[in-house]
Amino acid sequence: MNNLAYAIAKTILNGFERHIFLFTEITRSAKQRFEQCQWQDVHLAAKQRTDFYDKRVTETLFTLKQDFEIEQLDCQLWQNVKLAYVEMLEKHPQPDLAESFYNSIFCHLFERKYYNNDYIFVQTTASKSQPVAAAQLYTRYYPDEKGLKQTIYDILAKPQFDIAYENLTRDVDILIEQFYQQSKKTHYTPKQMSFDILDFVFYRNKGAYIIGKVNSPGGETPFILALVNNEHGGIVLDAMLSASEEMAVIFGFARAYFFVDCQHPYALVAFLKKLIPHKTKAELYSAIGYHKQGKTQFYRDFLNHLSSSDDQLILAPGIKGMVMSVFTLPSYPYVFKIIKDKFSPSKSVTKAEVKEKYRLVKLHDRVGRMADTMEYSEVAFPKSRFSQELLDELLTVAPSIVRFEDDLVVIQHMYIERRMTPLNLFLADANEKEQEDALFGYGQAIKQLIAADIFPGDMLLKNFGVTRHGRVIFYDYDEITYMDEVCFRTKPEPKTEEQIYASEPWYTVNPGDVFPEELAIFALANPTYKTLFKKHHEDLLSAPYWQQAQSNVANGVIEDVFPYPTEMRFCHHYLK
Ligand SMILES: Nc1ncnc2c1ncn2[C@@H]1O[C@H](COP(=O)(O)OP(=O)(O)OP(=O)(O)O)[C@@H](O)[C@H]1O
């Protein structure tokens, strides 16, 4: 192997290792933030960590350009760089992530035509790595040895929290009862059971989660145990979830990423995939904070799906966006969103501002109410897979970023996110019970977003989607702002005839003024929807609710958002 290739490969690996070092450091400190209720710091750390990867890529590119004067691709040299890198990864604990980092570097340096396995890791070589297979991820407990309760105490003591549990006896009794109620597979004697518990606590927002499974002759019962801090120096077991749908919601694509101090994400993702089969590996990588790896994995999955399907990419059902053009592959549950070259006159944002808003959402706590997006550059699709209508549309609305290369359509920049059913379409097809649930969810989504310092801007029904779990999620980010950028007002009462019949507002309206009562006029014009919405969220139709939310945000109040139904909380068993 030539020395130059080796030196370049080593520089890239050094950049990656610095990334892992800093990522691990900030991830590890999540335990302390949980114990000490440092909720503002939790958000800050989440924001900072999401940015780490891009920062390390930029630094590494700088070093490479400076040390090796890289300009044009030397084919032989870079094939050797990849070989040297593969060799270096043989005993590496995170070969999968290191490969993605390599891809990021290469793709920043050279053109798309070289993005193949000679130069980058389109396909991974990581699964052959030994250390990953040997990773110690979980501890097996046998309740027969010390008794059921003591075993559960041992499991809960393992994280070695610096603060005590508020009332362990009470919580463990409820926990045992919950297992009994939720899963028949746990109806066995301690002698017949064992528990596999992941050695890492998952931290996110104000919660901590212990994840594992019960093994018994009846089969496996995967579960997630949610812990919260009572903010008076005690930890409380808050809920136990064992239904796979509920577990999937905890790992949902609209949540912030977990902080999990695991040095073997490849093995952890494989373990989680068995517990929550609904989730793809890509989603699980993202959920544990490796969102760039999630992106790599998503693209691999998507290429596989493309080669094993034959349906056409089409415009996404629903009302067309004024800023984004959105398309989808019916057989794949994602949408592809591109920013149009020109926006409708009613939109005053610029392309750069739209990108900035999407970035804000990536870094902000999404509180289970904003879809996560993956941002891609230079994405190539086979031209034969586009419907003519879609191709015509893209070339009309975004010619500057769509081009043809041989039989490919290459899109210079796009976002990819989970496909949902637009709320306006969902409501049109729903029965009254489903409509009520969805409108309840719509109001909840708005309440949780504003409590998390996100003013959604455009709250029309078409800007929200309904997931397959029935959750309502916001996905139109071009008008969002922080709460202190708006002024919530009540419309003044008209007094004179002139004012009553005025076709334009007779009072002054400043930029940033918002009249919450207008939500009922614009978003809820349909009287049935308005009535159902008002049943649960009448408060959202007047300014004081919003002003209170705004002042809470300004005072640093961070509300609890539980990623599970409130009726599952253990406190219902002892608080009356
Ligand atoms: N995740 C998704 N799942 C399903 N459909 C979606 C999704 N995201 C967007 N759409 C569809 O594409 C349309 C336009 O998307 P979006 O609201 O993001 O664009 P926009 O240009 O920002 O909209 P607006 O004109 O309201 O500003 C939506 O109304 C919806 O029909």
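Residues numbered from 1 in each chain as written. Predicted model: local features only at pLDDT ≥ 70, side-chain atom pairs only at ≥ 80, totals over all residues. Heavy atoms only, no water.

The chain appears in an unreviewed UniProt entry as Isocitrate dehydrogenase kinase/phosphatase from Thalassotalea eurytherma. Note on the chain: under the UniProt heading Subcellular location (unreviewed entry), the record states "Cytoplasm". Taken directly from UniProt, the Catalytic activity (unreviewed entry) text for the chain runs: "L-seryl-[isocitrate dehydrogenase] + ATP = O-phospho-L-seryl-[isocitrate dehydrogenase] + ADP + H(+)". (UniProt positions renumbered as here; feature names shortened; annotations may be inferred.)

A.B. asks: Break down the packing of aromatic side chains for me, with residues and values.
C.D. replies: Following the criterion strictly, the structure yields 46 aromatic pairs and no others. Relative to Phe121, the ring of Tyr85 has its centre 6.2 Å away and its plane inclined at 50°; by these criteria the two rings are tilted. Linking Tyr85 in helix α4 (residues 75–88) with Phe121 in the loop between α5 (95–109) and α6 (130–133), this pair joins segments that are 36 residues apart in sequence. Each member of the pair, Tyr85 as well as Phe121, carries the same accessibility label: buried. Taken together, Phe298, Tyr299, Phe302, Phe327, Tyr332, Tyr334, Phe336, Tyr376, Phe381 and Phe386 form an aromatic cluster joined through their ring pairs. Cation over ring: Arg418 sits above Tyr334, and NZ or CZ is 5.3 Å from the ring centre. Geometry around Phe562 places Arg569 over its ring, the cationic atom sitting 4.0 Å from the centre. (Phe/Tyr/Trp six-rings, centres within 6.5 Å; stacked < 30°, edge-to-face > 60°. Helix = DSSP H or I, 4+ residues; strand = E, 2+ residues; numbered from the N terminus. Buried < 20%, exposed > 50% of the residue type's maximum accessible area, 1.4 Å probe, protein only. Lys NZ or Arg CZ within 6 Å of the ring centre and 35° of its normal.)

A.B. asks: Pulling in residues and values, what's your account of the domain arrangement of the chain?
C.D. replies: Interfaces are often sized by the amount of accessible area the parts lose when they come together. We note that the domain assignment places domain 1 (3–129), domain 2 (138–303), domain 3 (309–419) and domain 4 (423–554) within the chain. Here the C-alpha centre of domain 4 lies 36 Å away from the C-alpha centre of domain 2. On the side of domain 4, 5 residues touch domain 2, which itself brings 7 residues to the contact. At the boundary of domain 2 with domain 4, total buried surface from both sides reaches about 480 Å², with 60% on carbon and sulfur atoms. Interface area lost by domain 2 to domain 4 is led by Glu245, Val249 and Phe253, which between them contribute 54%. (Domains from an automatic or database assignment. Contact = heavy atoms within 4.5 Å. Buried area = accessible area lost by both parts, 1.4 Å probe.)

A.B. asks: Break down the packing of helix α17 (residues 432–451) against helix α21 (residues 543–554) for me, with residues and values.
C.D. replies: Direction vectors running N to C along α17 and α21 enclose 35°, while the axes themselves pass 9 Å from each other. Residues Ile446, Lys447, Ile450 and Ala451 of α17 form the contact with α21, whose participating residues are Tyr545, Trp546, Ala549 and Val553. Here the contact of α17 with α21 is composed, by residue class, of 7 nonpolar, no polar and 1 charged. (Axes fitted to C-alpha atoms, helices over the stretch in contact; angles between N-to-C directions. Nonpolar A, V, L, I, M, F, W, Y, C, P; charged D, E, K, R; others polar.)

A.B. asks: Can you tell me about the site of the ligand, naming the residues and giving the values?
C.D. replies: What surrounds the ligand is a group of 22 residues, the closest being Met322, Val323, Met324, Lys462 and Asp478. Contacts to the ligand include Glu417, whose side-chain N or O atom sits 2.8 Å from a nitrogen atom. Within the backbone of Arg418, an N or O atom sits 2.8 Å from a nitrogen atom of the ligand. Notes on the ligand: free accessible area 610 Å², of which the protein chains cover 99%. Broken down by secondary-structure element, the contributors of at least two residues to the shell around the ligand are β9 (324–328), β10 (334–339) and β13 (408–418). Residue composition of the shell around the ligand, grouped by class: 10 nonpolar, 3 polar and 9 charged. (Near = heavy atom within 4 Å. Polar contact = N/O pair within 3.5 Å; in protein donor to acceptor, adjacent residues only side chain to side chain. Areas by Shrake-Rupley, 256 points an atom, 1.4 Å probe, with all protein chains shown as cover.)

A.B. asks: Tell me what's going on with α4, and back it up with residues and numbers.
C.D. replies: Across its 14 residues, α4 extends 20 Å between first and last C-alpha, which sits within 8% of the 20 Å expected from 1.5 Å per residue. The inward-facing, buried residues of α4 contact α1 (3–28) and α5. Taking the backbone nitrogen of Gln76 as reference, a side-chain oxygen 3.3 Å away marks Asp74 as the first, capping residue of α4. (Expected span 1.5 Å × (residues − 1).)

A.B. asks: Give me the pairing of β10: which residues, what numbers.
C.D. replies: On a regular strand, one side chain projects to one face of the sheet and the next to the other, so that they alternate. Counting buried positions over the 6 residues of β10 gives 6, a clear majority of the element. Residues Tyr334, Phe336 and Ile338 point to one face of β10 and Val335, Lys337 and Ile339 to the other, with burial holding for every one of them. In the sheet, β9 pairs with β10 via 5 bridges, with the strands oriented antiparallel. Among the inter-strand pairings, Val326 is bridged to a residue of β10, identified as Lys337. Between β9 and the antiparallel strand that follows it, β10, lie 5 residues. Pairing analysis gives 4 bridges linking β10 to β13, with the strands arranged antiparallel. Each bridged residue has a counterpart across the sheet, and for Phe336 the counterpart in β13 is Ile416. (Pairing = 2+ DSSP bridges.)

A.B. asks: Describe in detail the UniProt feature "binding site: ATP" (unreviewed entry) in the chain, supporting the description with residues and values.
C.D. replies: Here, UniProt's "binding site: ATP" (unreviewed entry) annotation points to Ala316, Pro317, Gly318, Ile319, Lys320, Gly321, Met322 and Lys337. Along the chain, the position of Ala316 falls in the loop between β8 (314–315) and β9. On the basis of relative accessible area, Ala316 is assigned to the partly exposed category, the value being 21%. With sequence-adjacent residues up to four places away left out, Ala316 is seen in contact with Val326, Phe327 and Thr328. For Lys337, the location among the structural elements is in strand β10.

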